[in-house]
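Given next are the chains, with one letter for each unit.
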Amino acid sequence: MSSTFPNHLVQFDHLGDDGFTDLLNLLLKEIFGPALKPFGKGKDGGRDAIFEGIPKKYEKIQGYWIFQYKFHELARVTNPKAKSATKTDFTKEIEKILNRPKKPD
């Protein structure tokens, strides 16, 4: 592991954007169940996956969930630059969610 990263961090750079998306879809399907609906590349309305219902791992929570994934290759940018990009992405995605109809098709 590079000395520029704390030892407790796991690096996902080697996965790339598609591999990172696949990993998150697998993890979320394990938590939420097969009703999780991932979206492929393209215009997804700011969503990478959605779920409606009761998650299989958390049976006391019911609702409509929107998932948006962001992949930043830390090896290609500095930590402060990655943090800044993540904050910017997060702010933009929250604005999209708050300004869209409650439940998009």
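Note: the structure precedes this text.
Structural notes, computed from the coordinates. (Residues numbered from 1 in each chain as written. Predicted model: local features only at pLDDT ≥ 70, side-chain atom pairs only at ≥ 80, totals over all residues. Heavy atoms only, no water.)

Helical geometry: 3.6 residues make up each α-helical turn, so side chains three or four residues apart lie on a common side. Across its 17 residues, helix α1 (residues 16–32) extends 24 Å between first and last C-alpha, which sits within 8% of the 24 Å expected from 1.5 Å per residue. Turning to α1, its buried residues number three or more, namely G16, F20, T21, N25, L28 and F32. In the core, the buried residues of α1 are packed alongside β1 (37–38), β2 (49–53) and β3 (63–67). G33 sits one or two residues past α1 and shows a positive phi near 105°. (Helix = DSSP H or I, 4+ residues; strand = E, 2+ residues; numbered from the N terminus. Expected span 1.5 Å × (residues − 1). Buried < 20%, exposed > 50% of the residue type's maximum accessible area, 1.4 Å probe, protein only. Contact = heavy atoms within 4.5 Å.)

What follows concerns the nonpolar core. Counting nine residues, the largest nonpolar core is built from F20, L28, F32, L36, A49, F51, F67, Y69 and F71. Looking at this core, the elements that each hand over two or more residues are α1 and β2. Here this core gets three residues from one element, more than from any other, and that element is α1. (Core = buried A, V, L, I, M, F, W, Y, C linked by side-chain atoms within 4.5 Å.)

Within the element layout of this structure, D48 appears in the loop between β1 and β2. Setting aside residues up to four positions removed in sequence, D48 forms contacts with N25, K37, P38, F39, F67, Q68 and Y69.

Counted according to the given criterion, the structure contains five aromatic pairs. Aromatic ring contacts, followed pair by pair, group F32, F51, W65 and F67 into a single cluster. (Phe/Tyr/Trp six-rings, centres within 6.5 Å; stacked < 30°, edge-to-face > 60°.)

To continue, consider the pattern of salt bridges. Pairing is possible between side chains of opposite charge, provided their charged atoms come close. If you walk through the whole model with that rule in mind, you get one salt bridge. Of the charged contacts, one joins E30 and K57 as a salt bridge, the two residues approaching to 3.4 Å between their closest N and O atoms. In this pair, E30 sits in helix α1 while K57 sits in the loop between β2 and β3, placing the two residues 27 residues apart along the sequence. Overall, the relative accessible area of 42% leaves E30 in the partly exposed class. (Salt bridge = Lys/Arg side-chain N within 4 Å of Asp/Glu carboxyl O.)

Attention now moves to the side chain of D89. Relative to the helices and strands, D89 is located in helix α2 (residues 79–98). There is no salt bridge for the buried D89, and the closest opposite charge comes from K70, which lies 4.8 Å off by N-O distance. Filtering out sequence-adjacent residues up to four positions away, D89 remains in contact with K70 and H72. (Lys, Arg positive; Asp, Glu negative; His and termini not counted.)

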